[in-house]
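Next come the chains, spelled out residue by residue.
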Amino acid sequence: MGRSPTTKDDAQALFQSLRSAYAATPTNLKIIDLYVVFAVSTAVIQVVYMAIVGSFPFNSFLSGVLSCVGTAVLAVCLRIQVNKENKEFKDLPPERAFADFVLCNLVLHLVIMNFLG
């Protein structure tokens, strides 16, 4: 019982430090983070819907979930490339990273549409 307040205080300190560190994040990275959260939450909603209703057209379910997860992965890659603090991609202009993101999304969704049949 004596550890509960300390653990709670540690958790609050952790959340406060995460909040203050994320407040310094540039706006364009926050927008990409919001897009990743949207894509992952859409995938979770599709999985919950499949669990409740059923997965009759299983190809459609797989296509929807893989599209959401693939888009989230590509958005994370975009975030890594656009981040100014990342020294590995310092020579890559943000326009080029966004063009790569759009092209990869186009290829991903063409594959998804082909998988649908």
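Parameters at a glance
Residues numbered from 1 in each chain as written. Predicted model: local features only at pLDDT ≥ 70, side-chain atom pairs only at ≥ 80, totals over all residues. Heavy atoms only, no water. Axes fitted to C-alpha atoms, helices over the stretch in contact; angles between N-to-C directions. Helix = DSSP H or I, 4+ residues; strand = E, 2+ residues; numbered from the N terminus. Parallel < 35°, antiparallel > 145°, perpendicular 65-115°, else oblique. Nonpolar A, V, L, I, M, F, W, Y, C, P; charged D, E, K, R; others polar. Salt bridge = Lys/Arg side-chain N within 4 Å of Asp/Glu carboxyl O. Buried < 20%, exposed > 50% of the residue type's maximum accessible area, 1.4 Å probe, protein only. Core = buried A, V, L, I, M, F, W, Y, C linked by side-chain atoms within 4.5 Å. Contact = heavy atoms within 4.5 Å. Expected span 1.5 Å × (residues − 1). pLDDT = per-residue confidence, 0-100. Phe/Tyr/Trp six-rings, centres within 6.5 Å; stacked < 30°, edge-to-face > 60°.

A. Region of the structure containing the packing of helix α3 (residues 58-82) against helix α4 (residues 94-116). Interaxial distance between α3 and α4 falls to 10 Å at its minimum, and their mutual angle equals 170°. Of the possible angle classes, the one that applies to α3 and α4 is roughly antiparallel. Residue composition of the contact of α3 with α4, by class: 14 nonpolar, nine polar and one charged.

B. Seen up close, the pattern of salt bridges. In this structure the tally under the stated criterion is two salt bridges. Where Asp33 meets Arg79, a salt bridge forms, and the shortest distance between an N and an O atom there is 2.5 Å. Separated by 46 residues along the polypeptide, Asp33 in helix α2 (residues 27-53) and Arg79 in helix α3 bring together distant segments of the chain. A relative accessible area of 24% means that Arg79 is categorised as partly exposed. Note that Arg96 is salt-bridged to Asp100, the shortest N-O span being 3.3 Å. With a gap of four residues between them, Arg96 and Asp100 both fall in helix α4, about one helical turn apart. By relative accessible area, Asp100 is classed as partly exposed at 26%.

C. Expanded view of the nonpolar core. Formed by 13 residues in total, the largest nonpolar core has its most connected members in Ala75, Leu78, Val82 and Phe101. Going through the elements one at a time, α2, α3 and α4 are the ones with two or more residues in this core. Looking at this core element by element, the count peaks at five residues for α3. Look past the residues within four positions of Phe101 in its chain and what remains in contact with it is Tyr35, Thr71, Leu74, Ala75 and Leu78.

D. Looking closely at α4. Taking 1.5 Å as the rise per residue, α4 with 23 residues should run 33 Å; its terminal C-alpha atoms sit 33 Å apart, in good agreement. The complete set of buried residues in α4 reads Ala97, Phe101, Asn105, Leu108 and Ile112. On the buried face of α4, the contacting elements are α2 and α3.

E. Local environment of the confidence of the model for the protein. Put simply, the protein has an average pLDDT of 90, and 95% of its residues get 70 or more. Across the protein, element-level confidence peaks in α2 with a mean pLDDT of 95 and bottoms out in helix α1 (residues 3-23) with 84.

F. Representation of the packing of aromatic side chains in the model. Using the criterion set out here, one finds three aromatic pairs in the structure. Seen in terms of ring centroids, Tyr35 and Phe101 are 6.4 Å apart; in terms of plane orientation they differ by 85°. Their pairing is edge-to-face. Here Phe101 lies in helix α4 and Tyr35 lies in helix α2, a separation of 66 residues in the sequence. Residue Tyr35 is classed as partly exposed on the basis of its relative accessible area of 34%. Their ring planes at 35° and their centres at 6.1 Å tell us that Phe98 and Phe101 sit as a pair that is tilted. Within this pair, Phe98 and its partner Phe101 are both found in helix α4, separated by three residues, close to a single helical turn. For Phe98, a relative accessible area of 48% corresponds to the partly exposed category. Pairwise contacts between aromatic rings join Tyr35, Phe98 and Phe101 into one cluster.

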